[in-house]
Amino acid sequence: MAVAAVTGLATTGPGATSARAADPSAAPAGGFDPAAVTWHGCPADFVEQVHDRYDATYPVSKIVQCAELAVPLDYAEPDGTKITLRLTRTPHTGGGEAKGDLVVNPGGPGESGAHFGPALFAQNSAAMRDAYNVIGFDPRGVGMSVPAVTCDRGYADAPRPDYGTGDRASVATWSKRARSTPRSAPRTMRSGCWTT
């Protein structure tokens, strides 16, 4: 399966979107032409999490697959720095070709969608499982995508300094708080978040 521009979107079920890849002969949007996706077994810890969370409903841990998709950090520079998105596929259980792929996203911001694919598959009808593959993904900076962004969830918790008006004292106060981000991980952001 090549992941390309998405056309023909139609919602079906909670947070699910059906997607068809655009005509392969069509020019890629913005000059970015993604490579084909190669599905493989998922990391053991991910399979274990899927098993513990969803297998009581349907044994999705036995069939879930993973893949990585390299995309531009900045789509304005399609040949520039790439980041990697983690995809999951829970393949249809019926015979023959799947009727299509349901690409799902739990919303957010900041929510992992890699687990959402197997969850939606497990919780849906046998007819849906027989006919459709369910594709989940971790958006940029989330979950198993690389780089992942980690944030100090207490960064903006009370007591917090007054936001101020942009005066020197306010800027100095918030700059000091930003510099207090843990140094145990590489940082690219000074807002209580860092990339790993």
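Note that the coordinates shown come from a computational prediction; the quantities given were computed from them, not determined experimentally. (Residues numbered from 1 in each chain as written. Predicted model: local features only at pLDDT ≥ 70, side-chain atom pairs only at ≥ 80, totals over all residues. Heavy atoms only, no water.)

Trainee: Would you mind showing me how to read the overall build of the protein here?
Mentor: Looking only at helices and strands, the protein features four helices and eight strands. Walking the protein from its N terminus toward its C terminus, one meets helices and strands in the order β-β-α-β-β-β-α-α-β-β-α-β. Counting every position in the protein, which comprises 196 residues, the buried fraction comes to 34%. For the protein, the share of sequence-separated contacts (at least 6 apart) that also reach a separation of at least 24 residues comes to 62%. Surface exposure of the protein reaches about 11400 Å², of which carbon and sulfur atoms provide 54%. (Helix = DSSP H or I, 4+ residues; strand = E, 2+ residues; numbered from the N terminus. Buried < 20%, exposed > 50% of the residue type's maximum accessible area, 1.4 Å probe, protein only. Contact = heavy atoms within 4.5 Å. Areas by Shrake-Rupley, 256 points an atom, 1.4 Å probe, with all protein chains shown as cover.)

Trainee: Mind showing me how you'd approach the nonpolar core here?
Mentor: Note that soluble globular proteins tend to have their nonpolar side chains buried in a common cluster. In this structure, Phe46, Tyr54, Val60, Phe121 and Val134 are the most contacted members of the largest nonpolar core, which totals 17 residues. Of all the elements in the fold, those that place two or more residues in this core are α1 (44-54), β5 (100-104) and α2 (116-123). Here this core gets four residues from one element, more than from any other, and that element is α2. When neighbours within four sequence positions are excluded, Tyr54 is seen to be in contact with Val60, His115, Pro118, Ala119, Ala122 and Gln123. Of all hydrophobic cores here, the second largest spans 10 residues; its members include Val37, Leu69, Ile83 and Leu85. (Core = buried A, V, L, I, M, F, W, Y, C linked by side-chain atoms within 4.5 Å.)

Trainee: Is there a simple way to think about the confidence of the model for the protein in this case?
Mentor: When pLDDT drops low, the exact placement of atoms in the prediction is not to be read closely. Residues with a pLDDT of 70 or more make up 67% of the protein, whose mean pLDDT is 76. Per-residue pLDDT, averaged within each element of the protein, yields its smallest value for strand β1 (residues 6-11) (30) and its largest for helix α3 (residues 126-131) (97). When the criterion is pLDDT under 50, residues 1-24 qualifies, and its contacts beyond four places in sequence or with other chains add up to 47 contacts. The low-confidence segment residues 184-190 (pLDDT under 50) makes 17 contacts with residues lying over four places distant or belonging to another chain. (pLDDT = per-residue confidence, 0-100.)

Trainee: So what exactly am I meant to see when it comes to α1 here?
Mentor: Turn by turn, an α-helix covers 3.6 residues, leaving residues three or four places apart pointing in a common direction. Within the sequence span of α1, burial applies to Phe46, Val50 and Tyr54. Along α1, the residues classed as buried sweep out an arc of 40° about the axis, all on the same side. Set apart from the buried face of α1 by more than 90 degrees, the exposed residues are Ala44, Glu48 and Asp52. The inward-facing, buried residues of α1 contact β3 (65-72), β4 (82-90) and α2. (Arc of directions from axis to C-beta.)

Trainee: How should the environment of Gly108 be read in this particular structure?
Mentor: With respect to the helices, strands and loops of the structure, Gly108 is situated in the loop between β5 and α2. Taking the C-alpha atoms as reference points, Gly108 and Pro139, separated by 31 residues in sequence, lie 9.9 Å from one another.

Trainee: I'm lost on the environment of Asp167 in this one. Help?
Mentor: Take Asp167: it is sitting in the loop between β7 (149-151) and α4 (168-179). One polar contact links the side chain of Asp167 to the main-chain amide nitrogen of Ala169, over a distance of 3.2 Å. (Polar contact = N/O pair within 3.5 Å; in protein donor to acceptor, adjacent residues only side chain to side chain.)

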